[in-house]
Amino acid sequence: MKILAIDTSTAVMGVALLDEKKIYAEMTTNLRKNHSIRLMPTVAQLFDEVKWSPNEIDLVAVAKGPGSYTGVRIGVTTAKTFAWAQNIPIVGVSTLETMAYQQHSFPGVISPLIDARRGQAYVGLYQQRNDSWSNLEYDRIILLSDWLQILKKREEQVLFVGDDVCLHQTQIDEFLGEYATYSSSPFNLPRPSVIGWLAYQQYLTGTVDNTFDFAPAYLQLAEAEVKWLEKQKLTKG
């Protein structure tokens, strides 16, 4: 099964071509540049290099967020358009789960983290246990202090994963002390090939998304939406 995997949900832009046995091509950048301009040329470049054509793809995998609102929309829209045009299934994968899975051999629990500003973070909690990959705490946006309290009650080793962890390491250490462990930088970025692999595992269980209904996992309203709702309340009040 040939898979196209796409991720533009954070500052990272990633594209991979793979099947169930091998990664044929993968490109990842972490440049905070305009994904909308660079994504399709990257896809075309990888197709050209491995000598695949779009009509050979059997499955589209895409990071569905959380992360950058604009970034998530770019990746999801591109993936949906490709899946619709080729009449093939699409599977969305959590950006947080992707980050965590790259460290799935860690014996404790794994907390991927993306900064969400104003003291908040996008987080989830994952663990590999007895050959079973589990989501212990659902992906959410939460005050980091509240999240650290939840983790502290578990009284077990926590591996923090993500480029944004360094922004909060002092606070994490204050709450968790010796329970906190940190991923090294090569493993902090979500890899598109891992998104493709996780999507393939979901596909094998019969879990695919509806191309037309599939929507990003923003986990919160955009700032413009919040302001609009507040304005509506004032108008009605």
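About the thresholds
- Residues numbered from 1 in each chain as written.
- Predicted model: local features only at pLDDT ≥ 70, side-chain atom pairs only at ≥ 80, totals over all residues.
- Heavy atoms only, no water.
- Helix = DSSP H or I, 4+ residues; strand = E, 2+ residues; numbered from the N terminus.
- Rg over C-alpha atoms; globule rule 2.2 N^0.38 Å.
- Contact = heavy atoms within 4.5 Å.
- Axes fitted to C-alpha atoms, helices over the stretch in contact; angles between N-to-C directions.
- Parallel < 35°, antiparallel > 145°, perpendicular 65-115°, else oblique.
- Left-handed = near helix turned anticlockwise from the far one by under 90°.
- Pairing = 2+ DSSP bridges.
- Salt bridge = Lys/Arg side-chain N within 4 Å of Asp/Glu carboxyl O.
- Buried < 20%, exposed > 50% of the residue type's maximum accessible area, 1.4 Å probe, protein only.

Asker: Please set out the overall build of the protein chain residue by residue, giving values where relevant.
Answerer: What the protein chain contains, in helices and strands, is seven helices and 10 strands. Whereas a compact globule of 237 residues would reach a radius of gyration of roughly 18 Å, the protein chain reaches 18 Å, a difference of no more than 12%. Taking the principal axes of the C-alpha coordinates as reference, the protein chain spans close to 55 × 50 × 35 Å. Sequence-distant contacts in the protein chain: of pairs separated by 6 or more residues, those separated by 24 or more amount to 63%.

Asker: Residue-level account of the packing of helix α1 (residues 35-50) against helix α2 (residues 69-86), with values.
Answerer: For any two helices packed against each other, one specifies the crossing angle of their axes together with the interaxial distance. Look at α1 against α2: their axes get within 10 Å of each other, and the N-to-C directions meet at 40 degrees. Considering the angle they form, α1 stands oblique to α2. As α1 runs across α2, the sense of the crossing is right-handed. Contacts between α1 and α2 involve H35, S36, L39, M40 and F47 from the former and G71, I74, T78 and F82 from the latter.

Asker: Please set out the sheet that holds strand β5 (residues 90-93) residue by residue, giving values where relevant.
Answerer: Read across the open sheet, the five strands follow the order β3-β2-β1-β4-β5; overall the sheet is mixed. The two strands at the open ends of the sheet, each matched to only one other strand, are β3 (23-30) and β5. Neighbour to neighbour, the strand axes of the sheet diverge by 10 degrees on average, direction disregarded. Sheet analysis places strand β1 (residues 3-7) next to strand β2 (residues 12-18), joined by five bridges and oriented antiparallel. Looking at the pairing, D7 lines up with G14 of β2. Sheet contacts for α2: β1, β4 (59-63) and β5; angle to β4, the most-contacted strand, approximately 170 degrees. In this fold helix α6 (residues 192-204) packs onto β1, β2, β3, β4 and β5, with an angle of close to 120 degrees to the strand it touches most, β4.

Asker: Tell me what's going on with the pattern of salt bridges, and back it up with residues and numbers.
Answerer: It is possible for side chains of opposite charge to pair when their charged atoms get near one another. One pass over the structure, following the stated rule, counts four salt bridges. The partner of R191 in a salt bridge is E26, and the shortest N-O contact between them spans 2.4 Å. Here R191, found in the loop between β10 (180-182) and α6, pairs with E26, found in strand β3; they are 165 residues apart in sequence, far enough to count as distant. Between R154 and E156 there is a salt bridge; the shortest N-O distance is 2.8 Å. Residue classification places E156 among the partly exposed residues on the basis of a relative accessible area of 23%.

Asker: Can you break down the environment of D173 residue by residue, with the values?
Answerer: With respect to the element layout, D173 can be found in helix α5 (residues 169-176). In this structure the C-alpha to C-alpha distance between D173 and L148, which are 25 residues apart in sequence, comes to 9.8 Å. When residues no more than four places from it in sequence are discounted, the contact partners of D173 are A180 and Y182.

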